[in-house]
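Residues per chain are reported as follows:
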Amino acid sequence: RNGEFGLTNTNRLVRFYRGATGLKTGSTSKAKFCISATAKRDGMHLIAVIMGAPTRDIRNAEAAKLLDWGFANYSIYTYPPSEQESVKLLGSKNSILSCRTDGVSILVPKGASSKVTVETEMPDSVKAPITAGDTVGKITFSLNGERLGEANIVSSATENRISFQELFYIMLQRFILW
């Protein structure tokens, strides 16, 4: 506004805390000093909420300590998007169905990423018709026997059911080639 109007950000963490991305400060006589602070480091986003702090400086220091604790004690386990093992397809011109899974990010204790176990559940076969994106199986992620989450394994393509004419043509081709 041509320098006639200025805004001051009351969230000092945005300027002084490494990785701070925002969010909201506030204070009233009843609620005292409050903050919802967000920060990002190494691909991990954290939110710290402090309510009822007696001063602005204590509010900011407590939020920084909480964020520091989160970054020091946790990390993100990442399973990237990937093509998965193909599965036998029944009742279609194609005999194999290609599959994929989206990526997964899971919060784990620092240093535990290498201990995450990955278990894949896939059927021996699936029947046509099947649409791209239909769930075919799943991947389960665990740490020390505790289930952390799962990701669906989905069809990469749409496969229609084989028609009688197509089946007859295939059989005729095989009969002639023998």
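Okay, so let's go over this structure. (Residues numbered from 1 in each chain as written. Predicted model: local features only at pLDDT ≥ 70, side-chain atom pairs only at ≥ 80, totals over all residues. Heavy atoms only, no water.)

1. Considerations on the overall build of the chain
Phase 1: A tally of regular secondary structure across the chain gives three helices and 11 strands.
Phase 2: Walking the chain from its N terminus toward its C terminus, one meets helices and strands in the order α-β-β-β-α-β-β-β-β-β-β-β-β-α.
Phase 3: Relative to a compact globule of 178 residues, whose C-alpha radius of gyration would be 16 Å, the chain shows 27 Å and is clearly more extended.
Phase 4: Seen through its principal axes, the chain has C-alpha atoms that stretch 90 × 50 × 25 Å.
Phase 5: Across the 178 residues in the chain, those meeting the buried criterion constitute 31%. (Helix = DSSP H or I, 4+ residues; strand = E, 2+ residues; numbered from the N terminus. Rg over C-alpha atoms; globule rule 2.2 N^0.38 Å. Buried < 20%, exposed > 50% of the residue type's maximum accessible area, 1.4 Å probe, protein only.)

2. Let's talk about unusual backbone geometry
Phase 1: The omega torsion across Ala128 and Pro129 is 5°, close enough to zero to call that bond cis.
Phase 2: Mapped onto the secondary structure, Pro129 falls in the loop between strand E9 (125-127) and strand E10 (135-143).
Phase 3: Phi is positive for Asp42, which is not a glycine, with a value near 50°.
Phase 4: Tracing the sequence through the fold places Asp42 in the loop between strand E2 (32-41) and strand E3 (44-53).

3. Observations regarding the pattern of salt bridges
Phase 1: Applying the stated criterion to the full structure yields six salt bridges.
Phase 2: The residue Asp68 makes a salt bridge to Arg41 at a minimum N-O spacing of 3.9 Å. With a gap of 27 residues between them, Asp68 in helix H2 (residues 56-73) and Arg41 in strand E2 connect regions that are remote in the sequence.
Phase 3: Salt bridges here are not isolated pairs; linked through shared partners, they connect Lys138, Arg147 and Glu150. (Salt bridge = Lys/Arg side-chain N within 4 Å of Asp/Glu carboxyl O.)

4. Section: the sheet that holds strand E5 (residues 82-90)
Phase 1: Spatial ordering of the open sheet is given by E8-E10-E11-E6-E5-E9, a layout of six strands whose pairing is mixed. A strand with exactly one partner marks an edge of an open sheet, and here the two such strands are strand E8 (117-121) and E9. Direction aside, the axes of adjacent strands within the sheet are offset by 35° on average.
Phase 2: Here E5 runs beside E9; their pairing, made up of three bridges, is parallel. Within E9, the residue paired with Leu90 across the bridge is Lys127. (Pairing = 2+ DSSP bridges. Axes fitted to C-alpha atoms, helices over the stretch in contact; angles between N-to-C directions.)

5. A short note on the pairing of E2
Phase 1: Pairing of strand E1 (residues 20-28) with E2 involves eight bridges; the strand directions are antiparallel. The residue of E2 that forms the bridge with Thr28 is Lys32.
Phase 2: Between the antiparallel neighbours E1 and E2 lie three residues.
Phase 3: Sheet analysis places E2 next to E3, joined by eight bridges and oriented antiparallel.

6. Re H2
Phase 1: For H2, spanning 18 residues, the distance from its first C-alpha to its last is 26 Å, which sits close to the expected 26 Å at 1.5 Å a residue.
Phase 2: Within H2, burial applies to Arg59, Asn60, Ala63, Ala64, Leu67, Gly70 and Phe71. Angular distribution of buried residues about the axis of H2 spans 125°; they occupy a single face of the element.
Phase 3: Elements that come into contact with the buried residues of H2 comprise helix H1 (13-16), E1, E2, E3 and strand E4 (74-79). (Expected span 1.5 Å × (residues − 1). Arc of directions from axis to C-beta. Contact = heavy atoms within 4.5 Å.)

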